[in-house]
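# Descriptive analysis of the structure
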Amino acid sequence: MSEAAIAKKETLVEEATAKFQAAASVVIVDYRGLTVEEVTNLRKQLRDANVEMKVIKNSILSRAAKKAGLEGLDEVFTGPTAIAFSNEDVVAPAKIIDEFASTAKALEIKGGVIEGKVSSVEEMTSLAKLPSRDGLLSMLLSVLQAPVRQVAYAVKAVAEKEDEVA
């Protein structure tokens, strides 16, 4: 193998390592059997959520994962592999891919990484069932507002009662 080819592969390994280290979550999928239209649609949905999807050779992914300190991913780096990296939202890539897989049966989640921890298929599908970050923040806000709202209703009821008495 020429030195140029080796240098190019080393660059690809370095880039993939950096992506693994920077990612909040990574979803590894088998895309075999998807049509070009389905892959394009999936990529668009992921891109809209600031998730990057790439098809990278398994040997490069394996080396990059080891370099990033992620052990136990070798068994998922078999066959056609696409990988989705999200630097912001932990839930987004798993949610989008899981929803897409429900309509495109050929798409299969093989595993992933959640905040630097190697995760199984079951953990990735469980993550996909969680509400998005915005949904979780909305739930937290409504829980925090509930006591204030109750006090406001009580004060209003007392004020209305005193108005009736007067």
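Values in this document were obtained by computation on a predicted structure and should not be read as measured data. (Residues numbered from 1 in each chain as written. Predicted model: local features only at pLDDT ≥ 70, side-chain atom pairs only at ≥ 80, totals over all residues. Heavy atoms only, no water.)

### With respect to the environment of Glu 71
Positionally, Glu 71 belongs in the loop between α3 (58-67) and β3 (82-86). Sequence spacing of Glu 71 and Lys 117 is 46 residues, and the spatial spacing of their C-alpha atoms is 9.1 Å. Setting aside chain neighbours within four positions, we find Glu 71 in contact with Lys 66 and Val 118. (Helix = DSSP H or I, 4+ residues; strand = E, 2+ residues; numbered from the N terminus. Contact = heavy atoms within 4.5 Å.)

### A short note on the sheet that holds strand β2 (residues 51-55)
Strand-to-strand pairing in sheets goes through backbone hydrogen bonds, with the strands running parallel or antiparallel. One open sheet accounts for 5 strands, arranged β2-β3-β1-β4-β5; its pairing is antiparallel. Pairing within the sheet leaves two strands with one partner each, and these edge strands are β2 and β5 (117-119). Neighbour-to-neighbour, the strand axes of the sheet open up by a mean angle of 20°, direction not taken into account. Pairing between strand β1 (residues 25-30) and β3: 5 bridges, direction antiparallel. Along β3, the bridge assignment pairs Val 29 with Ala 82. Where helix α2 (residues 36-48) meets the sheet, it contacts β2 and β3, and its direction lies at approximately 145° from that of β2. Packing of helix α5 (residues 121-129) onto the sheet brings it into contact with β1, β4 (108-114) and β5, and relative to β4 it is tilted by some 80°. (Pairing = 2+ DSSP bridges. Axes fitted to C-alpha atoms, helices over the stretch in contact; angles between N-to-C directions.)

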